[in-house]
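Working through the structure, step by step
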Amino acid sequence: MAIAATCIGSLLPRPSWRIPNSATRLDEFKFQSMLARKVAKKNCRKGLCRAMQSSSSSSQRHVIITGGNTGIGKATATELARQGMAVTIACRNVEKGKQAVADIIRESSNPSVRVMELDLASFASIRQFAAGYLHLGLPLNSLVNHLGHFLLTSLLLGKLKSCASPGMKSRVVVLASAAERIGNIDFNDLNYKSRSYNNWLAYGQSKLANCLFSLELSRRCTSLGIPVTSNSMHPGIVDTELIRYVFPQALDRSLPFSGLRPVVTKLLGLKTPKQGASTSVYLANSSEMEGLTGGYYEDSRKANPSARATDTELSFKLWAVSEELTNTTDILEPLQLSARASQGVSMISHRLTNFSS
């Protein structure tokens, strides 16, 4: 893995951050893991949320959280850090990320938190981030995707696979939304180039894509015997920057109609970011979720998404289009070939033709 990461890194622009010596970083994390073990023991007391009560052994587990500098992502990062996980938050604004890291360390008493630059709107940035993380030589046990990025998951899937162990698979958690119910994938115009743009329908399409990506990733990993699970979730309606953008007059305390905030909060049943993060924390680190894959969850329990979100023909087609757009065709196939080669099984060819739910 170290050799592969070095080769990948040599083909990409050098990251803007300075990559520390891998051995030094690993020694540092051994010490931090000892502290994290104490943190997890201190915080996992009786009476805390279900996600914390059922957390798996976290002292040596590492998680990447995209968008972890604000809102649900930050709340998820804080809770997982409290449970003893080593957390990397990936975000576009590194300065805000550094402040988030300081907040998370202060609130969790866990020093194993870092920030790395990642712009999910840029394929170059995604590849650079993945190469940089692999170069560090750190483990990766969970990937909490707040934007469900296909390319990022594809590039880090090999690391997720290699860090799985008997009885403890690696996990991918995709933040979706009940808004997927209004979504519809238009393969002829995915980016609204020819049809009129509607922000709600576009949001619904993106969240439906999140659900379908998680479903197809789960199906393929299961079919190929790759020890990685994938689940999507609806966090509820959470009082974050997004919801404040939708209802600015009612939820912005600085505006004249800010008195409506309590009314809107009650009518919408708004959750705090911490409450909204509880399901993603549960999926990422609960022992109850070990081996469970391909599900859709709400309030830390399995829920039923729309029929479109469970349409395997649709998920298959979206996967194929995503591979083409990101130039990651058949990225799962080499992983399976390498696994079989390590077992001494000779394979001349292998095609992914049949998936089981």
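Each remark here, short or long, concerns the structure printed above.
In this report, the structure presented in the accompanying data block is examined. The shown structure was predicted, so the numbers you read here are calculated from the model rather than taken from an experiment. (Residues numbered from 1 in each chain as written. Predicted model: local features only at pLDDT ≥ 70, side-chain atom pairs only at ≥ 80, totals over all residues. Heavy atoms only, no water.)

1. Brief notes about the nonpolar core
Within the largest apolar cluster, 29 residues are counted, with the highest numbers of intra-cluster contacts made by Ile-64, Phe-129, Leu-152 and Leu-156. Counting only elements with at least two residues in this core, the list comes to α6 (123-136), α7 (150-162), β5 (170-175) and α8 (199-224). Residues in contact with Ile-64, not counting those within four places in the same chain, are Thr-88, Ala-90, Phe-129, Tyr-133, Leu-140, Ser-142, Leu-143, Val-144 and Leu-156. Core analysis: the second largest hydrophobic core is formed by 22 residues, Val-101, Val-144, Leu-175 and Tyr-297 among them. (Core = buried A, V, L, I, M, F, W, Y, C linked by side-chain atoms within 4.5 Å. Buried < 20%, exposed > 50% of the residue type's maximum accessible area, 1.4 Å probe, protein only. Helix = DSSP H or I, 4+ residues; strand = E, 2+ residues; numbered from the N terminus. Contact = heavy atoms within 4.5 Å.)

2. Overview of the pairing of β5
Here β5 lies mainly inside the structure; 6 of its 6 residues are buried. The two faces of β5 match: Ser-170, Val-172 and Val-174 on one face and Arg-171, Val-173 and Leu-175 on the other face are all buried. As a crossover connection, the stretch from β5 through α8 into strand β6 (residues 228-234) is right-handed. (Right-handed = clockwise from strand over helix to strand, strands pointing away.)

3. Quick look at the packing of aromatic side chains
Going through the model one piece at a time under the given rule, you end up with 5 aromatic pairs. When the centroid spacing of 4.9 Å and the interplanar angle of 80° are considered together, the rings of Phe-150 and Trp-319 count as edge-to-face. Remark: Trp-319 occurs in helix α13 (residues 312-326) and Phe-150 occurs in helix α7; sequence separation between them is 169 residues. The buried category is assigned to Trp-319, whose relative accessible area is 4%. Between Tyr-192 and Tyr-197 the ring centres are 5.2 Å apart and the planes differ by 75°, which places this aromatic pair in the edge-to-face class. Overall, the relative accessible area of 13% leaves Tyr-192 in the buried class. The class for Tyr-197 is exposed, based on a relative accessible area of 58%. (Phe/Tyr/Trp six-rings, centres within 6.5 Å; stacked < 30°, edge-to-face > 60°.)

4. Observations regarding the pattern of salt bridges
Scanning the model with the defined rule gives 11 salt bridges in all. Between Asp-186 and Arg-195 there is a salt bridge, and its shortest N-O distance comes to 3.7 Å. Among the ionic contacts, a cluster of salt bridges with common partners joins Lys-74, Asp-103 and Arg-106. (Salt bridge = Lys/Arg side-chain N within 4 Å of Asp/Glu carboxyl O.)

5. Examining the environment of Leu-201
Locating Leu-201 in the fold gives a position in helix α8. Leu-201 has contacts with Ile-182 and Tyr-192, leaving out every residue within four places of it along the chain.

6. Looking at α13
With 15 residues, α13 extends 21 Å from end C-alpha to end C-alpha; this agrees with the ideal 21 Å at 1.5 Å per step. Of the residues making up α13, those classed as buried are Leu-314, Ser-315, Leu-318, Trp-319, Ser-322, Glu-323 and Thr-326. Sitting at the head of α13, Asp-311 places a side-chain oxygen 3.0 Å from the backbone nitrogen of Glu-313. Taken from the residues just after α13, Asn-327 is the one with a positive phi, measuring 60°. (Expected span 1.5 Å × (residues − 1). Polar contact = N/O pair within 3.5 Å; in protein donor to acceptor, adjacent residues only side chain to side chain.)

Any functional reading would require information beyond the geometric quantities listed.
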